[in-house]
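Chains, contacts and geometry: an overview
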Amino acid sequence: MSLSLKKILTLVFVREPGKILLGMKKRGFGCGRWNGFGGKVEKGETILQGAKRELLEECGVSAKHLESVGLINFEFENEPEILEVHVFQASKYTGEPIETEEMRPQWYKESEIPFHLMWPDDELWFPYLLSGKQFEAFFLFRGMDVVLEYWIKEKGLNLNSFSDINKR
Ligand SMILES: Nc1nc2c([nH]c(=O)n2[C@H]2C[C@H](O)[C@@H](COP(=O)(O)OP(=O)(O)OP(=O)(O)O)O2)c(=O)[nH]1
């Protein structure tokens, strides 16, 4: 039996027409990078509940409805654990974003997303998120900065329609 350890995580992007809410991660994993809001799903909660809880905890925004947009598996070279990240977007929400101990939120125009200050894979799948296409993706990292291999496919399409299969 192969031992694959999977950690289930959430990632939520709050959207307004032409704008997206990002947060500067102030501590822990991904510190110093702009990202959506999210974290580990806790025991006893659903993925959706976990996503809403993290969004509220990290920036004070309460999502009325979350739409599922993506599923990304991350592997890190020489590490057994796989991160399964469930990506959502919220366009209906209450509350104004506030800074918390974990995140400093800021609205960005969709045309001015600071990819050079984000996880390097984000630039590759954001086009799907921004154009409202559901997607699945896989990234193999060396450390935190180098993507060794990846694929991205639009959900619902078959293997022949992979939009990217790459080795770098
Ligand atoms: N955009 C983007 N987000 C990522 C990548 N990898 C990755 O784990 N994330 C997200 C998923 C989660 O939202 C977040 C990591 O969660 P976390 O470790 O901060 O979880 P947490 O808040 O429960 O952690 P903790 O500090 O409370 O222990 O980063 C990536 O490559 N790109």
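Data block above holds the structure.
For clarity, every value in this text was computed on a predicted model and none was experimentally measured.

Glancing now at the overall build of the chain. Looking only at helices and strands, the chain has two helices and nine strands in total. In sequence order, the chain lays out its α and β elements as β-β-β-α-β-β-β-α-β-β-β. Relative to the 2.2 N^0.38 estimate, which gives 15 Å for 168 residues, the radius of gyration of the chain is 16 Å and therefore close to what a compact globule would have. Projected onto its principal axes, the C-alpha coordinates of the chain cover approximately 45 × 35 × 30 Å. Across the 168 residues in the chain, those meeting the buried criterion constitute 45%. Partitioning the intrachain contacts of the chain with sequence separation of at least 6 by distance along the chain shows that 62% fall at a separation of at least 24. Total accessible area on the chain stands at roughly 9300 Å², and carbon and sulfur atoms take up 52% of it. Charge centroids of the chain, computed over 22 positive and 26 negative side chains, lie 2 Å from each other.

A word on unusual backbone geometry. Positioned with a positive phi, Asn-78 is a non-glycine residue whose angle comes to about 65 degrees. Locating Asn-78 in the fold gives a position in the loop between strand E4 (62-76) and strand E5 (81-94).

Conventions and cut-offs
Residues numbered from 1 in each chain as written. Predicted model: local features only at pLDDT ≥ 70, side-chain atom pairs only at ≥ 80, totals over all residues. Heavy atoms only, no water. Helix = DSSP H or I, 4+ residues; strand = E, 2+ residues; numbered from the N terminus. Rg over C-alpha atoms; globule rule 2.2 N^0.38 Å. Buried < 20%, exposed > 50% of the residue type's maximum accessible area, 1.4 Å probe, protein only. Contact = heavy atoms within 4.5 Å. Areas by Shrake-Rupley, 256 points an atom, 1.4 Å probe, with all protein chains shown as cover. Lys, Arg positive; Asp, Glu negative; His and termini not counted. Charge placed at Lys NZ, Arg CZ, Asp CG, Glu CD.

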